[in-house]
Structure formats: structure tokens, C-alpha cells
Amino acid sequence: MIHYPRTQLAEELVVALQGKAVFSDAHNGLFLAAPRRTGKSTFLQADLMPALERAGVVVVYADLWADQRRDPGALIAEVIGRALQPHLGVIAKAAKKAGLEKISLAGWLQIDTSRIGKLDGVPLVEALRALSETADAPIALIIDEAQHALTSEAGENAMAALKSARDQLNRPGAIKLMLVMSGSDRDKLLRLVNTTGAPFYGSQIQRMPELGQDFIAHIGGLIESQRPELKPVDNAALFEAFQGFGYRPQFFMEALGLVLSPLSGIGGRFEQAMLVAAQQRQRDDEAQMESDYLGLKPLERAVLWRMLEQGPRFRPYDAEALKFYREQTRTSVSAQKAQNALESLRQHVPALVWKSARGEYAVDDAAMHRWYEKRLNEGSWPPADSQIDLDFEGQQSP
Ligand SMILES: Nc1ncnc2c1ncn2[C@@H]1O[C@H](COP(=O)(O)OP(=O)(O)O)[C@@H](O)[C@H]1O
Ligand SMILES: [Mg+2]
């Protein structure tokens, strides 16, 4: 597996997080959004974390998506506790040697790291202060798929606590707590920053840059060195293919492995085969969304359609929405029925709908919005059940 390092981007962000970049607000929290599978988690863990550590920062990383059954608030508290534990161990040892009273940090020793953030435990703010003091270093807390925190009350509270920790620990010129939040969906991440009650009201969301031409040039170079007979590699065509794969390195690399394989049976240039593979991938992605959509009940379709159409303005039960559902399904639709439909969209595998603890709904995968827009522009919305397909399915099922 090839990892293309993104050191320069990581180092620029470290400077910004330290509050040293002139026109940046990153020291108040860095919010990064980019579509799924474009390399966010990889960048955060393999590039940004080491760059922060090189700068003497203690890094704590939590992926709120890694274990969807766990409460996001508990996950955040847990990673902070886990980071704090070794430092407490060091103090405890020193205290034993020198006598407790001589150790200035001995006060922190009573912290039960398994109860951080719980009602009877140490609050998150104090745990972060303890970590910063016992480690004697600034802390960066990286929260991957941070929008997930908004799906539970404990998660919302954790976010509010992080903001207050930031305000208490940081002074201009002395940043002790850096916060990095990433998400696959800008609209959901926006809910952390764009309403007056939002935990990070006023912060900006930035688009995390995709892997670009330099990544492709790197891959092109690897191909040329391993397969000299393919020289010169057409990097422009490869980059076009990479864009066709939605800037998703994994799919791109898999396809590359296939077209470069001696078993591929491809006669012409592999770059052309990559362009074809990229188009096929797009068709497959779209076919998947179409079949997910067509597999829904009429009211579920109508609700999803309304969400796609309204985006952030979506209100599930207002009069306009209910009218829309009625028109689409040609049946009477109550708010309760609409709610049931929303719930089953949320329970769908894969989940089609996302819900916050405040009862706000959004399409789970932002790629669906792009699919919808595209079909709308082509005049092919909504997807229609094809009679032939139905017959075909009828023959297959027993
Ligand atoms: N810098 C990189 N170089 C090579 N491959 C990468 C790189 N970043 C990501 N990938 C590939 O893309 C896949 C998805 O990346 P990931 O970081 O999980 O995306 P995201 O967090 O945005 O969903 C990874 O499993 C890896 O195979
Ligand atoms: Mg990720």
C-alpha cells in the first residue's frame, strides 16, 4: 500500500494551529470538510499527527465513526483519559520517590481517568488542563467525523466542553489546546459553527484539499521506474482519471493495479484504460444510489427527494413538506407517517438519513446530493422503475 506523504500541508496547518499564521483563525479550531474516502483520516493520522508531534505537541485522536454504537461523548472522554494515564503514571512514580508533597502536580493524581466527563468524574475541561500540565506541552485534540458528536446529547455536551476548555486554556500567543475537527459533509459540520447556539459559533469550515497533481506525478514516477517500457506516463490523463474517481485514492489505486496487471488483457495505453475505469466507477456509484432509491417505499422516496431538493432548508413536517409527500404518493400523509418514513431511512443499511440530537435531518452521504443535481440537470430525475427490470427481478426471485 502506497502512502503519499502530505508533509507541506501538515506543516502549514501546524503553524496555523499554533496561532502563528497571520490570516488564520485555526487557533480557535480548525474545521476541515471533504467527501468520504478522499484521504482525511489518513492525512490526520499519517501526516498531521506526526507533524504536530515534531512540533512538541501531544496529540489525542478520536474517530467518532470508528465505533458507531459508542456514544460520541463517551468516546471523546475516553481518548483524553487514555492520553492522560501515562503522564499520571510518571507523576505517581516521581511522587513516590520524592514524597508527594514535593511534587507540584500531585493534585492531578486523584483523577479517575475512567470517569472523565461523567457527572461524578472530572469534567473534560479539567482533564484537558491536567493533560496539558502533566505533559508540560500543548495538546491537539483531533476529532474525526466530528459531526457525529451532534447525534447525541452527551456528544453535544462534549463539544460545548471542548469549546470552553479552549477558551480557558488558550491565551493570545500561548495556545495550549488546539482543536481539529473533520467531517465528510460540510452541511453537517456547519451545524457546529453556524447557529448562535452552536458550540463553535463563528468559526469557518475549510475544504480540506484533495490529493492533487503532485500525488499523480508521484504515482506516475513509480510506474515509470517499475515499468520503464511504459515511459513516458501521461500524467495529465492519469489526473483526469483520478478526478473521475472522485479524488478517491483507494479506488484509483485498485483500478491502476488491475490495468497494470499482466493479466489485464489491455492492448492500448493503460492511461486510456484508467479513464474508462473511472467512468465505469461513476456509473457503478450512480447505479448503487439509484437502486437504493428504487428499493424504497413510495413515502420514503418522497421524503428523501424532499431532503435532496431542500438541502439545509429541509423541514420534515411543515405544511409544504407534507403537501409534497401527498402529491408524490397520492395518499394522505400525516406527520407521524412522515416521521416513520424518516426513521426507516435512518435504519436503512447503509443509512440514508442522518439525524442530530436536536431532531435535524440530513442526507447521510453528501454524494447523493451530487447525484441528484446531476440527474436534475440531465432531466432524468426521479429515477423510474423500469418494467423490464421488474420482470427480470420477478423471474429471479422464487
Ligand atoms: N496520502 C495517501 N496516499 C495514498 N493513499 C491514500 C492517501 N490517503 C488516503 N489514501 C487511500 O484512500 C483510502 C481512504 O482514505 P481515508 O483517509 O480513510 O479517507 P476519509 O477519511 O476521507 O474517508 C485509504 O484507505 C487509503 O487507501
Ligand atoms: Mg475518515
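Per the secondary structure count, the protein chain includes 15 helices and seven strands. Sorting the 398 residues of the protein chain into buried and exposed places 46% on the buried side. Contacts in the protein chain between residues far apart in sequence, at least 24 positions, make up 67% of those at least 6 positions apart. Carbon and sulfur atoms provide 52% of the accessible area of the protein chain, an area that totals close to 20600 Å². Taken together, the 45 basic and 50 acidic charged side chains of the protein chain have centroids lying 4 Å from each other.

Right, let's get into the packing of aromatic side chains. Inspection of every chain in the model, using the stated rule, returns 14 aromatic pairs. Ring centres of Phe-242 and Phe-252 lie 5.3 Å apart, and the angle between their planes is 75 degrees; on these two criteria the pair is classed as edge-to-face. On the criterion of sequence distance, the pair formed by Phe-242 in helix α8 (residues 235–244) and Phe-252 in helix α9 (residues 249–260) is long-range, its members being ten residues apart. For the pair formed by Phe-242 and Phe-252, the shared burial category is buried.

A separate point is the sheet that holds strand β2 (residues 58–63). Judged by pairing direction, the sheet is parallel, and its five strands sit side by side in the order β2-β3-β4-β1-β5 without closing on themselves. Of all strands in the sheet, those with a lone pairing partner are β2 and β5 (205–207), marking the two edges. In this sheet, adjacent strand axes meet at a mean angle of 20 degrees when their direction is disregarded. Sheet analysis places strand β1 (residues 30–33) next to strand β4 (residues 177–183), joined by four bridges and oriented parallel. If you follow Leu-32 over to β4, its bridge partner there is Ser-182.

The subject of this paragraph is the site of ligand 1. Lining the immediate surroundings of ligand 1 are 15 residues, of which Tyr-4, Arg-37, Lys-40, Ser-41 and Thr-42 lie closest. Residue Ile-2 places a main-chain N or O atom 3.5 Å away from a nitrogen atom belonging to ligand 1. Between ligand 1 and Arg-37, the relevant distance is 2.7 Å, taken from an oxygen atom to a main-chain nitrogen or oxygen of the residue. Alone, ligand 1 offers 550 Å² of accessible surface; in the complex the protein occludes 82% of this. Residue contributions to the shell around ligand 1 peak at three residues, all from helix α2 (residues 40–54).

Note: interface size is frequently given as the accessible area lost on complex formation between the parts. Split by domain assignment, the protein chain resolves into domain 1 (7–207), domain 2 (223–283) and domain 3 (295–396). Measuring from the centre of the C-alpha atoms in domain 1 to the corresponding centre in domain 3 gives 36 Å. When residues of domain 1 are sorted by the area they lose upon contact with domain 3, Arg-36, Lys-188 and Arg-191 head the list and together hold 45% of the total. Remark: the boundary between domain 1 and domain 3 carries four salt bridges. We note a salt bridge from Glu-156 to Arg-358, for which the minimum N-O separation is 2.6 Å. Listed by contribution, the elements that provide at least two residues to the side of domain 1 that touches domain 3 are α5 (153–169) and α6 (186–190). In terms of residue class, the side of domain 1 that touches domain 3 is made up of two nonpolar, five polar and seven charged.

This brings us to the environment of Gly-220. Along the chain, the position of Gly-220 falls in helix α7 (residues 213–226). According to the relative accessible area criterion, Gly-220 is buried, its value standing at 2%. Along the backbone, Gly-220 and Leu-238 are 18 residues apart, and their C-alpha atoms lie at a distance of 8.1 Å. The contacts of Gly-220, once residues within four sequence positions are left out, are Val-233 and Asn-235.

Moving on, we come to the confidence of the model for the protein chain. Across the protein chain, the average pLDDT comes to 92, with 97% of residues at 70 or higher. Here residues 393–398 is modelled with pLDDT under 50, and outside its nearest four sequence neighbours on either side it reaches zero contacts, counting other chains as well.

Considered for burial, the residues of α8 that qualify are Ala-237, Leu-238, Phe-239, Ala-241, Phe-242 and Gly-244. The elements touched by buried residues of α8 are α7, α9 and α10 (270–294). Taken from the residues just after α8, Gly-246 is the one with a positive phi, measuring 65 degrees.

Next up on the list: the layout of surface pockets. Taken as a whole, the second largest pocket spans an internal volume of roughly 460 Å³. Looking at the lining of the second largest pocket, the elements with two or more residues in it are α13 (335–347) and β6 (353–355). The leading source of residues in the lining of the second largest pocket is β6, at three residues. Tallied by class, residues from the lining of the second largest pocket come to seven nonpolar, eight polar and ten charged. Residue-level mapping places the lining of the second largest pocket at the junction of two domains, with at least three residues from each of domain 1 (7–207) and domain 3 (295–396).

Rules used throughout
- Every chain's residues receive numbers from 1 upward, in the order its sequence appears when written.
- Chains and ligands are labelled by the order in which they are written, letters from A for the one and numbers from 1 for the other.
- Owing to the predicted nature of the model, reporting of local features is limited to residues with pLDDT of at least 70; listing and counting of side-chain atom pairs is limited to 80 or more, with chain, interface and lining totals taken over all residues.
- Just so you know, side-chain values use all the structure's heavy atoms and leave hydrogens and water out.
- Put simply, DSSP H or I for four residues or longer makes a helix, DSSP E for two residues or longer makes a strand, and each gets a number counted from the N terminus.
- Any residue under 20% of the maximum accessible area for its type is buried, any over 50% is exposed, and the rest in between are partly exposed; the area is computed with a 1.4 Å probe on protein chains only.
- What makes two residues a contact is simply this: any of their non-hydrogen atoms within 4.5 Å.
- All accessible areas in this document rest on Shrake-Rupley with a 1.4 Å probe, and a residue is counted as covered only by the protein chains that are shown.
- Under the convention used here, Asp and Glu are negative, Lys and Arg are positive, and both His and the chain ends fall outside the count.
- Note on charges: their place is set at NZ of Lys, CZ of Arg, CG of Asp or CD of Glu.
- We call Phe, Tyr and Trp rings a pair once their centres come within 6.5 Å, taking the six-membered ring for Trp, and we label the pair stacked below 30 degrees between planes, edge-to-face above 60, and tilted otherwise.
- Here the rule is simple: two strands pair whenever DSSP picks up at least two bridges between them.
- Convention adopted: a line fitted to C-alpha atoms gives each axis, helices being fitted over their contacting stretch, and angles between N-to-C directions are expressed from 0 to 180 degrees.
- Here a residue counts as near a molecule or strand whenever at least one of its heavy atoms sits within 4 Å of it.
- For this analysis, a polar contact is any N or O atom pair within 3.5 Å, provided that within protein one partner can donate a hydrogen and the other can accept it, and provided that sequence-adjacent residues contribute only side-chain to side-chain pairs.
- An automatic or database domain assignment provides the domain bounds reported here.
- Summed over both partners, buried area is the accessible surface (1.4 Å probe) that two parts give up on being assembled.
- Every case where a carboxyl oxygen of Asp or Glu lies within 4 Å of a side-chain nitrogen of Lys or Arg is listed as a salt bridge.
- Gly is put with the polar residues, along with every residue not named as nonpolar or charged; the nonpolar set is Ala, Val, Leu, Ile, Met, Phe, Trp, Tyr, Cys and Pro, and the charged set is Asp, Glu, Lys and Arg.
- The predictor reports its confidence for every residue as pLDDT, a score running from 0 up to 100.
- Every definition here rests on a 1 Å grid over the protein atoms only: cavities are sets of points where a 1.4 Å probe fits but cannot get out, pockets are open sets enclosed by protein on both sides within 12 Å along at least five of seven lines, and lining residues have some atom within 4 Å of a point.
- Grid points are joined across faces, edges and corners, and a volume is the space filled by probe spheres set on the points.

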